[in-house]
Amino acid sequence: MAPPRVFSGSMKLGGASRVWVRRGLLALVVFGLGLLALSHLVRMSYEDRIVPLATAPEAPVALVFGAGLAPGAVPSPVLAQRLDAAIALWKQGKVQAVLVSGDQTKPFHHETRAMRRYLLERGVPEAAVQGDEAGLSTYDSCLRAYTVFGAKRALLVTQRFHLSRALFIANSVGIDAWGVAADEGRSTPWRYTVRETLSRVLALAMVLLEVEPVYPAGRAALPER
């Protein structure tokens, strides 16, 4: 009696599957390392331009990025922290004007209006406050600050985790920008660190592709200095 035939097709298929799994995992590792490398490049590009509020250089304007509203249509704690830092810069004579840039395109979400009101209530004169209602993203805020509001030199005011990306974009689109951390001396929550890792890579792509802001039109003047 002849011995039974052994079917080896499934074994070959299994071996091929393992090869593709290994290749897929390797591709994911390479992709992940690539993202980390690009993110690190953006983070380090203008690291030396992040300075304490007390030693910040003078500039015509402080650019404050929106960060959402709390119940009652008032700035969120994160946004209030940014606005407080901008107020301190203005009171110290570091800037002549404050440009608040936020998203005011959604119903009942008047971010820029709330930011302006916060500044005015705390002593910043109306003539020194300008608002960009179409700052839908950090990229849009920076590009519009340069092309629409004529900002050639500025102090960017936001939290430390956000400054690297904001500085990279602002300096890449033509603004001589320095950064002041509104949360100076405080630790950064891990969720922001993870988010910024990906956001910095997206910012790099938008700068390289010279993406237009959603609302590119219009022009407003800032004081020369």
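Rules and cut-offs
Residues numbered from 1 in each chain as written. Predicted model: local features only at pLDDT ≥ 70, side-chain atom pairs only at ≥ 80, totals over all residues. Heavy atoms only, no water. Helix = DSSP H or I, 4+ residues; strand = E, 2+ residues; numbered from the N terminus. Buried < 20%, exposed > 50% of the residue type's maximum accessible area, 1.4 Å probe, protein only. Contact = heavy atoms within 4.5 Å. Expected span 1.5 Å × (residues − 1). Bend = angle between axes of the 7 residues up to and from the residue. Axes fitted to C-alpha atoms, helices over the stretch in contact; angles between N-to-C directions. Parallel < 35°, antiparallel > 145°, perpendicular 65-115°, else oblique. Nonpolar A, V, L, I, M, F, W, Y, C, P; charged D, E, K, R; others polar. Pairing = 2+ DSSP bridges. Right-handed = clockwise from strand over helix to strand, strands pointing away. Left-handed = near helix turned anticlockwise from the far one by under 90°. Phe/Tyr/Trp six-rings, centres within 6.5 Å; stacked < 30°, edge-to-face > 60°. Lys NZ or Arg CZ within 6 Å of the ring centre and 35° of its normal. Salt bridge = Lys/Arg side-chain N within 4 Å of Asp/Glu carboxyl O. 1 Å grid on protein atoms, 1.4 Å probe; cavity = no way out; pocket = protein on both sides within 12 Å on 5 of 7 lines; lining within 4 Å. Points joined across faces, edges and corners; volume = space filled by probe spheres on them.

K.L.:
For this particular structure, what's the right way to read the overall build of the protein chain?
P.N.:
A tally of regular secondary structure across the protein chain gives six helices and eight strands. Listed N to C, the secondary structure of the protein chain is α-β-β-β-β-α-β-α-β-α-β-α-β-α in terms of helices and strands. Taking all 225 residues of the protein chain together, the buried fraction comes to 43%. For the protein chain, contacts bridging at least 24 residues in sequence account for 76% of all contacts bridging at least 6.

K.L.:
Hey, could you run me through helix α6 (residues 190-209) in this one?
P.N.:
Spacing of three or four residues puts side chains on the same side of an α-helix, whose turn is 3.6 residues. Along its 20 residues, α6 runs 29 Å from first to last C-alpha, staying within 8% of the 28 Å computed at 1.5 Å per residue. Along α6, the largest kink reaches about 25 degrees and is centred on Glu196. Residues of α6 that are buried: Tyr192, Glu196, Thr197, Ser199, Arg200, Val201, Ala203, Leu204, Met206 and Val207. Of the residues trailing α6, Glu210 is marked for its positive phi of about 55 degrees.

K.L.:
What should I look at first to understand the packing of helix α5 (residues 160-173) against α6 in this one?
P.N.:
The description of two packed helices rests on the angle between their axes and on the distance between the axes. Where α5 meets α6, the closest approach of the two axes is 9 Å, and the angle between their N-to-C directions is 5 degrees. Here α5 is positioned roughly parallel relative to α6, judged by the angle of their axes. Counting all contacts with α5, which are made through Phe161, His162, Ser164, Arg165, Phe168, Ile169 and Ser172, the residues of α6 involved are Tyr192, Arg195, Glu196, Ser199, Arg200, Ala203, Leu204 and Val207. For the contact of α5 with α6, the per-class residue count stands at seven nonpolar, four polar and four charged.

K.L.:
Hey, could you run me through the pairing of strand β7 (residues 153-158) in this one?
P.N.:
In summary, the side chains of a regular strand alternate between the two faces of the sheet. Burial analysis of β7 places five of its six residues in the buried class, the great majority of the element. The pairing of strand β2 (residues 59-65) with β7 spans four bridges and is classified as parallel. Bridge pairing in β7 places Val61 opposite Ala154. Pairing of β7 with strand β8 (residues 176-181) involves six bridges; the strand directions are parallel. Paired with Thr158 across the two strands is Ala181, which belongs to β8. Note that the unit made of β7, α5 and β8 has a crossover that is right-handed.

K.L.:
Looking at this structure, how should I read the packing of helix α4 (residues 138-147) against α5?
P.N.:
Interhelical geometry of α4 versus α5 gives an angle of 35 degrees and a closest axis separation of 9 Å. Seen along the crossing, α4 lies across α5 with a hand that is right-handed. Residue-level contacts link Thr138, Tyr139, Cys142, Leu143 and Tyr146 of α4 to His162, Arg165, Ala166, Ile169, Ala170 and Val173 of α5. Looking at the contact of α4 with α5, its residues break down into eight nonpolar, two polar and one charged.

K.L.:
Teacher, can you tell me more about the side chain of Thr112 here?
P.N.:
Within the secondary structure, Thr112 sits in helix α3 (residues 111-121). Those residues in contact with Thr112, other than ones at most four positions away along the chain, are Val100, Gly102, Asp103, Gln104, Gly131, Asp132 and Glu133.

K.L.:
Help me out: how do you make sense of the sheet that holds β8 in this one?
P.N.:
Two pairing modes exist for strands in a sheet, parallel and antiparallel, and in both the strands are linked by backbone hydrogen bonds. Strand order in the open sheet made by the six strands is β1-β8-β7-β2-β5-β6, with parallel pairing throughout. Two strands in the sheet have a free side with no partner beyond their single neighbour: β1 (50-51) and β6 (129-132).

K.L.:
How should the packing of aromatic side chains be read in this particular structure?
P.N.:
The relative placement of two aromatic rings is captured by the distance of their centres and the angle of their planes. Per the counting criterion, the structure on display carries zero aromatic pairs. A cation over an aromatic ring shows up here: Arg122 above the ring of Tyr118, its NZ or CZ 3.5 Å from the ring centre.

K.L.:
Before we go on, may I ask you to explain the pattern of salt bridges in this structure?
P.N.:
Two side chains with opposite charge may pair up if their charged atoms get near one another. Scanning the model with the defined rule gives six salt bridges in all. Residue Arg49 is joined to Asp176 by a salt bridge in which the shortest nitrogen-to-oxygen separation is 2.6 Å. With Arg49 in the loop between α1 (9-45) and β1 and Asp176 in strand β8, the pair connects residues that are 127 residues apart, well separated along the chain. Notably, a salt bridge pairs Asp132 with Arg144, separated by 2.8 Å at the nearest N-O pair. Residue Asp132 is located in strand β6, and its partner Arg144 is located in helix α4; the two are separated by 12 residues in the primary sequence. Sharing partners across several salt bridges, the network here consists of Arg49, Arg153 and Asp176.

K.L.:
What exactly am I supposed to notice about the layout of surface pockets here?
P.N.:
Over the atoms a probe the size of a water molecule is rolled, and this reveals where empty space is left. Volume-wise, the largest pocket comes out at about 410 Å³. When contributions to the lining of the largest pocket are tallied by element, the ones reaching two or more residues are α2 (77-91), α4, α5 and α6. Looking at the lining of the largest pocket residue by residue, the classes come out as six nonpolar, 10 polar and six charged.

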